[in-house]
Amino acid sequence: MPKSRSLYVCHQCGAEFSQYFGKCPACAAWNTLEEQVAPAATTAATVRASATATVAARATKRNTARPTTAQAKASLTLAQISDHPQTRLPSGYTELDRVLGGGIVPGSLVLIGGDPGIGKSTLLLQTASRLAQNHRILYVCAEESGQQVKLRSQRLGVTPKQTTEQSTDADLYLLPEIDLDTILAELEALQPQVAVIDSIQALYFSALTSAPGSVAQVRECTSVLMQFAKRQNITLFIVGHVTKEGAIAGPKVLEHLVDTVLYFEGDRFASHRLLRSVKNRFGATHEIGVFEMVDQGLQEVLNPSELFLGNREEVSSGSATIVACEGTRPIVVELQALVSPTSYSSPRRSTTGIEYNRLLQILAVLEKRVGIPLSKLDAYVASSGGLSVGEPAADLGVAVSVVASFRDRVVNPRLVLIGEVGLGGQVRPVSQMELRLKEAAKLGFKQAIVPKGHTLSDLGIEVIPVARVVDAIAIALTSSKATESEAIATED
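These figures come from a predicted structure and were not determined experimentally.

Novice: For this particular structure, what's the right way to read the sheet that holds strand β14 (residues 329–341)?
Specialist: Across a sheet, paired strands are connected by hydrogen bonds in the backbone, their directions being either parallel or antiparallel. The seven strands lie next to each other as β15-β16-β14-β13-β17-β20-β21, forming an open sheet whose pairing is mixed. A single partner strand is all that each edge strand has here, and the edge strands are β15 (349–352) and β21 (462–466). Within the sheet, the average angular offset between the axes of one strand and its neighbour, ignoring direction, is 25°. Pairing geometry for β15 and strand β16 (residues 377–383), over four bridges, is parallel. Pairing of S350 across the sheet is with Y380, part of β16. Lying over the sheet, helix α9 (residues 356–370) contacts β15 and β16, oriented at roughly 130° with respect to β15.

If you want it as structure tokens, here you go:
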């Protein structure tokens, strides 16, 4: 009888090795290899028979005459494929529909990841309850019992329908189960329009010997669910655990199998949550939806600019306002900077919501190209509300806020700054400028400092084009003097 052997599988990339390595040779991740028992090898007779059949098939193929004309057997041209207009299902949340690209696409797979306790199950349970008003929804709770889910639904204010046990009308059905075969049988019998799997790391496929949550289990369970969903035209929402680095646990192929990958982000000690798309085959990527955690669960925020915009009546030095674009959504964000003498041999640099290396680059440009001595000063930059702003269009706002804090000046609260700062001190153009300016004008801003080179129509806001960062700083700080004079006159 052939003996079973051990394989070491990386739970980050899914690579397999016959021996253990502390560092995965494929993806260079440390301590990611897990031991798994490989199935017994095939017998020698089976191997010989397979080899003989392969040789015979190759010989027959060589002796067969090649057809005179090429002809497709199963493939179709684009013109031969019939058009079936897809009707998206409204989820009941405008913010979720925005992130998904306009609604739920039937037959799609949506993977949602996020830190523990951030609200993934809450969001999906509330979404499932709203969809259940008009559709059959199956909620597979692999980590909770049915009683626990019902308690959570009562806390969230989800009102169940009064139906009989044999009814298959529109309603929310719960299935506390981890066995994949049982889940597939229930999907086949119930035929729901939408199903929720909470979570994929808890499912178990009996055909495999590895434990639930392993690389093989996660990969095979997702693959089987994908094939079933595409065949039956069922939309699947799959919850995925995350690692301590913030990436979805399991092999990277998990994100390649699904149609949409969403991340639920936010500080658990703050009230707002961000739903961000990093992959979407049916819509724009890097789109965000904003929610707020309240007593009755998650509540969508339709105007996130008001959430990330500070009080403009209470002005202070070192503050500047930018317009960031997340996908197709412009968001007005207030940036705050603090520059102070250092108490250490090397100054400290700290950021919240701004990329750390980007701040170091802007500080170097300010010292070299503008002449601001920052090498002996601590610098702290933060975005209001902790929103992560990673695009280069925030560079100009960061630069002006740092200089305003250094000079102890107040930037005009009705002024927005948009532009990328180059290493040579130039201000470079950014995309979606008209969309950003429309959002700023809608919120009552009067002036905007933007890069030169944009052809803009009248948007109800004064546009001030600049070519270099030193020009933008001079204009912003000059307007700050007028703002301070108006404030003093108002107090008098």
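Novice: Before we go on, may I ask you to explain the packing of α9 against helix α10 (residues 395–407) in this structure?
Specialist: Describing two packed helices takes the angle between their axes plus the distance from one axis to the other. Axis separation between α9 and α10 bottoms out at 10 Å; the angle between their running directions is 60°. Relative to α10, the element α9 is oriented oblique. Every pair of crossing elements has a handedness; the one defined by α9 and α10 is right-handed. Residue-level inspection shows R358, L359, I362, L363 and L366 of α9 in contact with α10, the latter providing D395, V398, A399, V402 and V403. Tallied by class, the residues present in the contact of α9 with α10 amount to eight nonpolar, no polar and two charged.

Novice: It is not clear to me how helix α5 (residues 180–190) should be interpreted in this structure. Could you clarify?
Specialist: Given 3.6 residues per helical turn, the α-helix brings residues three or four places apart onto the same face. Residues of α5 that are buried: L180, I183, L184, L187 and L190. For α5, the buried positions fall inside an angular range of 140° around the axis, keeping them on one side. At its buried positions, α5 is contacted by β5 (137–141), β6 (172–175), β7 (194–198) and α6 (215–232). Immediately downstream of α5, the backbone of Q191 shows phi near 55°, a positive value.

Novice: Hey, could you run me through unusual backbone geometry in this one?
Specialist: Glycine aside, residues mostly have negative phi, and peptide bonds are mostly found in the trans state. Cis rather than trans, the peptide bond between D198 and S199 has omega equal to 10°. Backbone geometry places Q191, a non-glycine residue, at a positive phi of 55°. Residue placement: Q191 occurs in the loop between α5 and β7. In the Ramachandran plot, N233 falls in the positive-phi region, its phi being about 60° despite a non-glycine side chain. Note on placement: N233 falls in the loop between α6 and β8 (235–240).

Cut-offs used in this document
- Residues numbered from 1 in each chain as written.
- Predicted model: local features only at pLDDT ≥ 70, side-chain atom pairs only at ≥ 80, totals over all residues.
- Heavy atoms only, no water.
- Pairing = 2+ DSSP bridges.
- Helix = DSSP H or I, 4+ residues; strand = E, 2+ residues; numbered from the N terminus.
- Axes fitted to C-alpha atoms, helices over the stretch in contact; angles between N-to-C directions.
- Contact = heavy atoms within 4.5 Å.
- Parallel < 35°, antiparallel > 145°, perpendicular 65-115°, else oblique.
- Left-handed = near helix turned anticlockwise from the far one by under 90°.
- Nonpolar A, V, L, I, M, F, W, Y, C, P; charged D, E, K, R; others polar.
- Buried < 20%, exposed > 50% of the residue type's maximum accessible area, 1.4 Å probe, protein only.
- Arc of directions from axis to C-beta.

Don't take any of this as a statement about function, it's just geometry.
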